[in-house]
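# Fold and geometry: a report
Below, each chain spelled out in residue letters.
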Amino acid sequence: MGEPPRERADAARNRLKVLAAAARLFRERGVDGVSMDAVAAEAGVGKGTLFRRFGDKSGLAVALLDERERELQEAILSGPPPLGPGAEAAERLAAFVDAYLDYLLAHLDLVRMSETASPGARYRIGAYRFWHRHVTFLLAEARPGCDADPLAHALLAPLAAEHMAVLTVEYGQARARRAVRALALG
């Protein structure tokens, strides 16, 4: 099969310029206050370049979240316990919920956009599939005999960005975090 095609140097530079411009604009104006046209202008690239590379704003959100998601995934796979290997499954599950809430609340608007771009978008995102497999594995270990696969989806449901956005507006981050943690972990 060979190696995946290498990114051209100019394409890599444009990708980095677009991501930096989008991050800056989203931080300054909020995700809803920024158009793809504004991102293209800020990055100094054509709209066609932006749309070909990212598709739409949700594709841009996914690209911006990619590095943060990889960091969390790496901590889960090889970081110190209890998030990483070496702790009991129930302890690791609690650490995952806490770490995921940290990630989610720090990037709520971007995660929300990536998860709600189209019906079912949340479940097609590669990161969600990773979170689901991880939670399934931990539930199967912590609760032998449980139906871990659908139970993992049920546990992840209150961690949806749309849900957390409503809770944080209504109750504030601390109270929303406590509620979701209590529901997910019992």
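Predicted model only: the values in this text are computed from it and were never measured. (Residues numbered from 1 in each chain as written. Predicted model: local features only at pLDDT ≥ 70, side-chain atom pairs only at ≥ 80, totals over all residues. Heavy atoms only, no water.)

### What about the overall build of the protein?
Within the protein one finds 11 helices and 0 strands. What you see in the protein, going N to C, is helices and strands ordered as α-α-α-α-α-α-α-α-α-α-α. Overall, the C-alpha framework of the protein stretches about 55 × 50 × 30 Å when taken along its three principal axes. For the protein, the proportion of its 186 residues judged to be buried stands at 42%. Residue pairs at least 24 apart in sequence account for 58% of intrachain contacts in the protein once pairs closer than 6 positions are excluded. With an accessible surface of roughly 10,200 Å², the protein has 54% of that area assigned to carbon and sulfur atoms. Across the protein, the mean location of the 25 positive side-chain charges is 5 Å away from that of the 24 negative side-chain charges. (Helix = DSSP H or I, 4+ residues; strand = E, 2+ residues; numbered from the N terminus. Buried < 20%, exposed > 50% of the residue type's maximum accessible area, 1.4 Å probe, protein only. Contact = heavy atoms within 4.5 Å. Areas by Shrake-Rupley, 256 points an atom, 1.4 Å probe, with all protein chains shown as cover. Lys, Arg positive; Asp, Glu negative; His and termini not counted. Charge placed at Lys NZ, Arg CZ, Asp CG, Glu CD.)

### Examining the confidence of the model for the protein
Low pLDDT means the predicted atomic positions in that stretch should not be read closely. For the protein, mean pLDDT is 91; residues scoring 70 or higher make up 97% of the total. Considering each helix and strand of the protein separately, the mean pLDDT is smallest for helix 1 (residues 9-29), with a value of 87, and largest for helix 9 (residues 148-156), with 97. (pLDDT = per-residue confidence, 0-100.)

### Examining the nonpolar core
Counting 57 residues, the largest nonpolar core has Leu60, Phe96, Tyr100 and Met164 as its most contacted members. In terms of residues, this core owes the most to one element, helix 5 (residues 89-106), which gives 11 residues. Sequence-distant contacts of Phe96, defined by excluding residues within four places in its chain, comprise Ile76, Leu83, Trp131, His134, Val135 and Leu156. (Core = buried A, V, L, I, M, F, W, Y, C linked by side-chain atoms within 4.5 Å.)

### What to know about helix 10 (residues 161-171)
For helix 10, the set of buried residues is Ala161, Met164, Ala165, Leu167 and Thr168. Where helix 10 is buried, its residues contact helix 5, helix 6 (108-115) and helix 11 (173-185). Positioned one or two residues after helix 10, Gly172 has a phi angle of 85°, which is positive.

### Side note on helix 1
With 21 residues, helix 1 ought to run about 30 Å at 1.5 Å a step, and its terminal C-alpha atoms sit 30 Å apart, in line with that. Taken as a whole, helix 1 has its buried residues at Ala11, Ala12, Val18, Leu19, Ala21, Ala22, Leu25 and Phe26. Each element contacted by the buried residues of helix 1 is listed here: helix 2 (36-43), helix 3 (47-54), helix 4 (57-78) and helix 6. Among the residues trailing helix 1, Gly30 stands out with phi positive, at a value near 85°. (Expected span 1.5 Å × (residues − 1).)

### Some thoughts on the side chain of Thr136
Checked against the element boundaries, Thr136 lands in helix 8 (residues 126-142). Judged by relative accessible area, Thr136 falls into the buried class, the value being 7%.

### A look at the packing of aromatic side chains
What the rule picks out here adds up to 7 aromatic pairs. Relative to Trp131, the ring of Tyr103 lies with its centre 6.4 Å away and its plane at 55°, an arrangement referred to as tilted. With a gap of 28 residues between them, Tyr103 in helix 5 and Trp131 in helix 8 connect regions that are remote in the sequence. Note on Trp131: relative accessible area 2%, which makes it buried. Measuring from centroid to centroid gives 5.5 Å for Phe130 and Trp131, while their planes differ by 80°, and the two rings are edge-to-face. Cluster of aromatic residues (ring-pair linked, three or more members): Phe96, Tyr100, Tyr103, Phe130 and Trp131. Seen from the ring of Phe54, Arg53 lies directly overhead, with NZ or CZ sitting 6.0 Å from the centre. (Phe/Tyr/Trp six-rings, centres within 6.5 Å; stacked < 30°, edge-to-face > 60°. Lys NZ or Arg CZ within 6 Å of the ring centre and 35° of its normal.)

### Some thoughts on the pattern of salt bridges
Under the definition given, this model contains 10 salt bridges. For Glu42, the salt bridge identified is with Arg24, shortest N-O distance 3.1 Å. Linking Glu42 in helix 2 with Arg24 in helix 1, this pair joins segments that are 18 residues apart in sequence. Since its relative accessible area comes to 29%, Arg24 is described here as partly exposed. Here Arg133 ties to Asp149 by a salt bridge, and the two come within 3.6 Å at their closest N and O atoms. (Salt bridge = Lys/Arg side-chain N within 4 Å of Asp/Glu carboxyl O.)

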